[in-house]
Amino acid sequence: MTDTIDQAESAEVLDRLVIRFAGDSGDGMQLTGDRFTSVSASFGNDLSTFPDFPAEIRAPAGTVNGVSSFQVQISDHDITTPGDEPTVLIAMNPAALKADLHRLEQGGTLIVNTDAFDERNLEKAEYASNPLDDGTVTGYRVLRVPMTSLTKDACKPHGVKTRDAERSKNFFALGLVSFMYSRPTEPTLEWISEKFAKNEQVVAANTAAFKAGFNFGETTEMVGQRYEVKPATLPSGEYTSITGNTALSWGLIAAGQLADLPVTLGSYPITPASDILHELSKHKNFGVRTVQAEDEIAAVGVALGASFAGHLGVTTTSGPGVALKSETISLAVSIELPMIIIDIQRGGPSTGLPTKTEASDLNLAIYGRHGEAPLPVVAAKSPADCFDAAIEAARIALKYRTPVILLSDGYIANGSEPWKLPDISNYEKITVPFATETNGTDSEGRDVFHPYLRDPETLARPWAIPGTPGLMHRVGGLEKQDVTGNVNYTPENHALMGDLRADKVAGVARDYEPTQIMGDEDADVCIVGWGSTWAAIDSAVQRCRRNDQKVAWVHIRNVFPLPNDLGDILRRYERVIVPELNRGQLCNMLRANYLVDAQPLSKVAGLPFSAREIQHFVTEGGQS
Amino acid sequence: MSDTAVTLTTKKDWSSDQEVRWCPGCGDYGILQAVQQVMPELGVAPENTVFVSGIGCSSRFPYYMNTYGMHSIHGRAPAIATGVATARPDLDVWVITGDGDGLSIGGNHLIHALRRNVNLTILLFNNRIYGLTKGQYSPTSYVGKVTKSTPFGSIDPPFNPLSVALGAEASFVARTHDLDRQHMMETFKAAHAHRGSSFVEIYQNCNVFNDGQFNEITKRSVRDDMMINLVHGEPITFGSDVAKGVTMGDDGTLKIVNVDDVGIDKILVHDKNHHSPSLAFALARLNQDDNSPTPFGIFRSVERAEYASEVSAQVALASEKSGAPDMTALLRSNGTWIVD
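Computed from a predicted model, the values in this text were never measured in an experiment. Along every chain, residues carry numbers that run from 1 in the direction the sequence is written. Chains and ligands are labelled by the order in which they are written, letters from A for the one and numbers from 1 for the other. At least 70 in pLDDT is required for a residue's local features to be given in this predicted model, at least 80 for side-chain atom pairs to be given and counted, and no such filter applies to totals for whole chains, interfaces and linings, which use all residues. Only heavy atoms go into the side-chain values, all of them from the structure, while hydrogens and water stay out.

A. Geometry of the overall build of chain B. Counting secondary structure elements, chain B contains twelve helices and twelve strands. Whereas a compact globule of 340 residues would reach a radius of gyration of roughly 20 Å, chain B reaches 22 Å, a difference of no more than 12%. Along the three orthogonal principal directions, the C-alpha set of chain B runs to about 95 × 45 × 45 Å. Classification of residues uses two cut-offs on accessible area relative to the type maximum, computed with a 1.4 Å probe and protein chains only: under 20% is buried, over 50% is exposed, and between them is partly exposed. Within chain B, the fraction of its 340 residues that count as buried is 55%. In these tables, accessible area is a Shrake-Rupley quantity obtained with a 1.4 Å probe, and a residue counts as shielded only by the protein chains included in the view. Looking at chain B as shown, the accessible area adds up to about 14300 Å², and 51% of this sits on carbon and sulfur atoms. As used throughout, the charge tally considers Lys and Arg to be positive and Asp and Glu to be negative, leaving His and the chain termini uncounted. Charge positions are represented by NZ for Lys, CZ for Arg, CG for Asp and CD for Glu. Separation of charge centres in chain B, based on 28 positive and 37 negative side chains, amounts to 5 Å. Helix and strand labels come from DSSP, where a helix needs a run of H or I of at least four residues and a strand needs a run of E of at least two; each type is numbered from the N terminus. Each radius of gyration is computed over the set of C-alpha atoms, and the globule rule expresses the reference value as 2.2 Å times the number of residues to the power 0.38.

B. Local environment of unusual backbone geometry. Residues and elements named next belong to chain A. Of note, the amide linkage connecting T271 to P272 takes the cis form, showing an omega dihedral of 0°. For P272, the position within the fold is in the loop between strand 10 (263-267) and helix 11 (274-282). A cis amide bond, omega -15°, links F560 with the succeeding residue P561. Here P561 shows up in the loop between strand 23 (558-560) and helix 19 (566-570). Although it is not a glycine, D548 adopts a positive phi angle of roughly 60°. Structurally, D548 can be placed in the loop between helix 18 (533-546) and strand 22 (552-556).

C. Seen up close, the nonpolar core. By size, the foremost hydrophobic cluster in this structure holds 181 residues, and its most contacted members are I340, F387, L586 and L590 of chain A together with M327 of chain B. With eleven residues, helix 15 (residues 385-400) of chain A is the single largest residue contributor to this core. With residues near it in sequence (within four places) discarded, F387 of chain A still touches A247, L248, W250, G251, A254, W419, P422, I424 and Y427 of chain A together with M327 and L331 of chain B. Listed in part, the 48 residues of the second largest apolar core include L143, V160, F214 and A232 of chain A. In this text, buried Ala, Val, Leu, Ile, Met, Phe, Trp, Tyr and Cys residues form a nonpolar core when linked through side-chain atoms within 4.5 Å. Every residue pair with non-hydrogen atoms within 4.5 Å of one another is taken to be in contact.

D. Representation of the packing of helix 12 (residues 296-308) of chain A against helix 2 (residues 77-87) of chain B. Between helix 12 of chain A and helix 2 of chain B, the least distance of the axes is 6 Å, while the angle of their chain directions is 45°. By the criterion of interaxial angle, the relationship of helix 12 of chain A to helix 2 of chain B is oblique. Between helix 12 of chain A and helix 2 of chain B lies a crossing whose hand is right-handed. For the pair formed by helix 12 of chain A and helix 2 of chain B, the contact residues are A298, G301, V302, G305, A306 and F308 of chain A on the first element and A79, I80, T82, G83, V84 and A87 of chain B on the second. All axes are obtained by fitting lines to C-alpha atoms, using only the stretch in contact for helices, and the reported angles, taken between N-to-C directions, cover 0 to 180 degrees. With respect to orientation, any angle under 35 degrees is reported as roughly parallel, any angle over 145 as roughly antiparallel, any angle of 65 to 115 as roughly perpendicular, and every other angle as oblique. Helix crossings get a hand from a simple test, with the near helix turned counterclockwise from the far one by less than a right angle marking a left-handed crossing and a clockwise turn marking a right-handed one.

E. Structural view of the side chain of H183 of chain B. Relative to the helices and strands, H183 of chain B resides in helix 6 (residues 181-193). H183 of chain B has contacts with R175, T176, N229, F296 and G297 of chain B, leaving out every residue within four places of it along the chain.

Quick look at the structure:
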């Protein structure tokens, strides 16, 4: 087998390709998608991925509930989304076809594993007749490939047991699409050897299956025209493929390095945030300490305790965990210590859709505490952006001595994109001036430490950590007297402290860069986005502008406090549209804060927006 | 623990300038006195000491200590203290909790702190009542207890705090009471010296909502017959007139006997270091079902890996293996490609 890059001259060039791998949870679709992505990344395509899998580890095999899919868009130009509709769908069984066929674009290519379309599987997928024969797949270009049997045949010479051989059919599929779309093969073959090095049989089976798939494409007439997606003209530099959760983990490590503070993570496993716990646990050489706590409440308690002791305390979770941590976050607001709470949002309420995305915790993050307990909230917009968002959250937390909630979601947590490695030496250091001296005198003229004597500019209180002689002090959840921090229940003091806490957090907005208006500043319509809707809005704005429709676009990274210039900007537009994966939470805030007639574009379906949905709303107008 | 140099302090160095605001006559005063008085004997510095409490009457305690302190959230002190101790193994971390705080709302954190063996000295003030919320029954109140929330008597069987601690694999378990300052100080001193989680139950009188709860045990007039002072390596005996002792019956249960009836050789010898917690567990429950005397002192003290040290060891090992932190190498760790 020769490497495809050399022999792809006959291939037709596409500017982009959206491919969706769909199969049973046990079929290895996530792995297959990941491999296709990695190869495309190193080939130089721009790309964006969307893993879409069920909450059950192994839902009943062959059922629609058990379908696990991985969608990836690769292109020769800058893209931000995994694409609205796949151009190619690989369906490994009838259930996958049932779950995903409606997504495939008209005339798109459907590759099916015909071996899996037996009576039993058809029944499990609740097909009354075989969809491959009854007209269901009319209108698509259908490639019928007996992948299971071809894989078994390919593995036979290597002495692989039939059952084991069957498991390699995803590599057959990968080999086939690698041929069809002119992907390099060497990186995958090397990867197979490394990944499964402990088991020679598995290496042999996967290698044989992959080659068989590739050769099947090459030797049969079925495939016909090959296609190719040229490398994108990305800015020059060194790139890696990154998921949001990895970027977020690395961002936390970087923040610790920039602040010269050890990071201590308290966390309790929860989908889709657990990968951050896994990733940080690996990097103890950066001084990172991880505690897998007994519950969500303990996890945030550990983080707060670590912050009190002078570490950068972090806790990672999803919506249900934030609810449980709420009381401790309020304590952190009251005792004014830096802490980062990371919420990888998922579909709710309650357990909801653990593996599906949603951005419906905005209200929870901003308002979800007892008492008047304001805190800054930062939202990441893309997988790679999670790195900078984590650093920003740490910067705010440490500068203002406040808990900060960082919002991400399942879509960007698991999705990946190419990321030009940042030069970490260009990042500004985070200064953490621990208090070392007394800062006041008592009524008898003795030097004392006032834990609530604030910095006049930031209103941050001094952070004196245990081990510092002469600065012993007590903090707690009871209302504290201004300056001294002693327990104080007087009405005037409580009102003052409430004001100070609010003013301190409001002051964070002074540090923001001026809000950038993207697209056409002089348009009548302005889209306001936050979080992971960034990608779909970006594509939608490009589409509108290609159709000569003017659109302005503002993306909000700091969702609380909102940028000081936002109200003036929004009042300039006739229409303000707020696409959100919730029922209008930011939209309501904008209406309340700025008295603008912002219109929500809501989607609460466990899925990200497609660019088309947003474009349609902008073009056709929504109900107002 | 700051074991580099012995720090010379006086009781005054450990007292904050805050007015102590428990009800007059509360048992908490005696405990505070004992702690403030024992601290200079520990040879540690106030700035290296942290008191973390939850919510409840006892949890006001940190305000009165001239150390670093946090009056935190109901039940959560062991979790927060775990964070402090894990981040900073150099500190002495004390947890102040009560029967409601530690065994009801915070039961989960307490058992897991004990299981992990985090280096914490945990003092649980047991007054068998909710005092701060003005008199509801607690998880250590006896069945039949009439309180504001149980006008017809409590139907909840209570926890035995020491059973809970021993069941949670605690490596140091002791019991003392608020009327005996010397015993408290000795117990606190031993608890502090223990590396890992030390759990001390303190019988504490709430003279407002549950007055005299422990009178039948700790009152001077009955003490000799109702309290057993556990001494490591010594036969477990007590009694004012007749020398009594604890022996093990054929069915494995503990029995109170007259020493003269069985001979001193048949009396159990206390071994707080025994690897099995069985005897400690049985002793902890000696007075569980009847009016038997109550053992005090150190029930169990065994060495076990301490959590924060283990965490630090992993950090040190990782640093040794992987070398100095290298952010650029981390960013490259999942493979990269060059775009020209």
